[in-house]
Amino acid sequence: MRKGQKWAFVPASRGNLLLLDVLFSTATSVASVLPAIWIVHKCSDAPWYWGFVVVPLCLVASVVVSGVAKKKTATLFQAAYFLEYRKVRYESEIKGNFRSEVDVHNRTVWSYTKKLKNAEAHHRLWKYVNAMAKTKKIPPDVYAETMYV
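Basis of the calculations
Residues numbered from 1 in each chain as written. Predicted model: local features only at pLDDT ≥ 70, side-chain atom pairs only at ≥ 80, totals over all residues. Heavy atoms only, no water. Phe/Tyr/Trp six-rings, centres within 6.5 Å; stacked < 30°, edge-to-face > 60°. Helix = DSSP H or I, 4+ residues; strand = E, 2+ residues; numbered from the N terminus. Buried < 20%, exposed > 50% of the residue type's maximum accessible area, 1.4 Å probe, protein only. Axes fitted to C-alpha atoms, helices over the stretch in contact; angles between N-to-C directions. Parallel < 35°, antiparallel > 145°, perpendicular 65-115°, else oblique. Left-handed = near helix turned anticlockwise from the far one by under 90°. Contact = heavy atoms within 4.5 Å. Nonpolar A, V, L, I, M, F, W, Y, C, P; charged D, E, K, R; others polar. Core = buried A, V, L, I, M, F, W, Y, C linked by side-chain atoms within 4.5 Å. Patch = residues over 30% accessible without salt bridge, like charges linked within 9 Å, V, L, I, M, F, W, Y side chains within 5 Å. Areas by Shrake-Rupley, 256 points an atom, 1.4 Å probe, with all protein chains shown as cover. Salt bridge = Lys/Arg side-chain N within 4 Å of Asp/Glu carboxyl O.

## Here's the deal with the packing of aromatic side chains
For any two aromatic rings, the description comes down to two numbers: the centre-to-centre distance and the angle of the planes. Overall, the coordinates contain five aromatic pairs when judged by the stated rule. A centroid spacing of 6.5 Å and a plane angle of 80° characterise the contact between Phe 82 and Tyr 85, whose relative ring orientation is edge-to-face. With Phe 82 and Tyr 85 both in helix α2 (residues 55-94) and three residues apart, this pair spans about one turn of that helix. Since its relative accessible area comes to 43%, Phe 82 is described here as partly exposed. Overall, Tyr 85 belongs to the buried group, its relative accessible area being 15%. In textbook terms, an aromatic cluster arises when at least three aromatic residues are bridged by ring pairs, as seen for Tyr 81, Phe 82, Tyr 85 and Tyr 112.

Here it is, written out as structure tokens:
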């Protein structure tokens, strides 16, 4: 962090995320077309191959669902990060050790990544991130409270 390099925690199981996304979306689209083909064949006089007209709609739906899932995941990780940020800032300020913003950020990234790696090692990464993101136990901002007293 001190050399200016940006880095983030990427779960080990998500190494080839783009390739897995494309394969999963394609498989889901093909699997969802089969009922459409059956419905077109049984409920209308159209030939069975007209069911493949639904393929582009299924691809669009899979892209939308994938995008929503990615945004939700990013929001969860961001909320968990900011909880850790406030915790690190609170711990340093409660001791009277006011740190610079860069130092708090570096300590937060280090602590957050360490906790995520530990959670992944114990096979509870998503459970941990969800719990952090939805927690109501947010540490107070000591500096803001002391400024206006």
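## Quick word on the packing of α2 against helix α3 (residues 101-121)
Axis angle and axis distance: for two packed helices, these are the angle between their axes and the distance between the axes, and together they describe the pair. Where α2 meets α3, the axes come as close as 9 Å, and the angle between the chain directions of the two elements is 120°. What the angle tells us is that α2 and α3 run oblique. As for how α2 packs across α3, the hand of that crossing is right-handed. Residues Phe 77, Ala 80, Tyr 81, Glu 84, Tyr 85, Lys 87, Val 88 and Arg 89 of α2 touch α3, and the partners they reach there are Glu 101, Val 104, His 105, Arg 107, Thr 108, Val 109, Ser 111, Tyr 112, Lys 115 and Leu 116. For the contact of α2 with α3, the residue count by class is nine nonpolar, three polar and six charged.

## Thoughts on the nonpolar core
Core analysis: the biggest nonpolar cluster contains 16 residues, and Tyr 112, Leu 116, Val 129 and Met 132 have the highest contact counts within it. Counting residues per element, this core draws most heavily on α2, which supplies seven residues. The residues contacting Met 132, other than those within four sequence positions of it, are Ala 80, Leu 83, Glu 84 and Tyr 112.

## Observations regarding the environment of Phe 52
With respect to the helices and strands, the residue Phe 52 is situated in the loop between α1 (17-43) and α2. The spacing of Phe 52 and Val 40 is 12 residues in sequence and 9.6 Å in space, taken between C-alpha atoms. Look past the residues within four positions of Phe 52 in its chain and what remains in contact with it is Val 33 and Ile 37.

## Details of a nonpolar patch on the surface
Taken together, Tyr 49, Trp 50, Phe 52 and Val 53 make up a surface patch of nonpolar side chains, about 460 Å² in accessible area. Relative to the elements of secondary structure, Tyr 49 occurs in the loop between α1 and α2.

## Points about the pattern of salt bridges
Counting across every chain of the model gives four salt bridges. Here Glu 93 and Arg 89 are joined by a salt bridge, their closest N and O atoms 3.0 Å apart. Remark: Arg 89 and Glu 93 occur in helix α2; sequence separation between them is four residues, near one turn of the helix. This pair shows no difference in class: Glu 93 is buried, exactly as Arg 89 is. Between Arg 89 and Glu 101 there is a salt bridge whose closest N-O contact spans 3.2 Å. Here Arg 89, found in helix α2, pairs with Glu 101, found in helix α3; they are 12 residues apart in sequence, far enough to count as distant. Using a relative accessible area of 44% as the deciding quantity, one classes Glu 101 as partly exposed. Linked through salt bridges whose partners overlap, the residues forming this network are Arg 89, Glu 93 and Glu 101.

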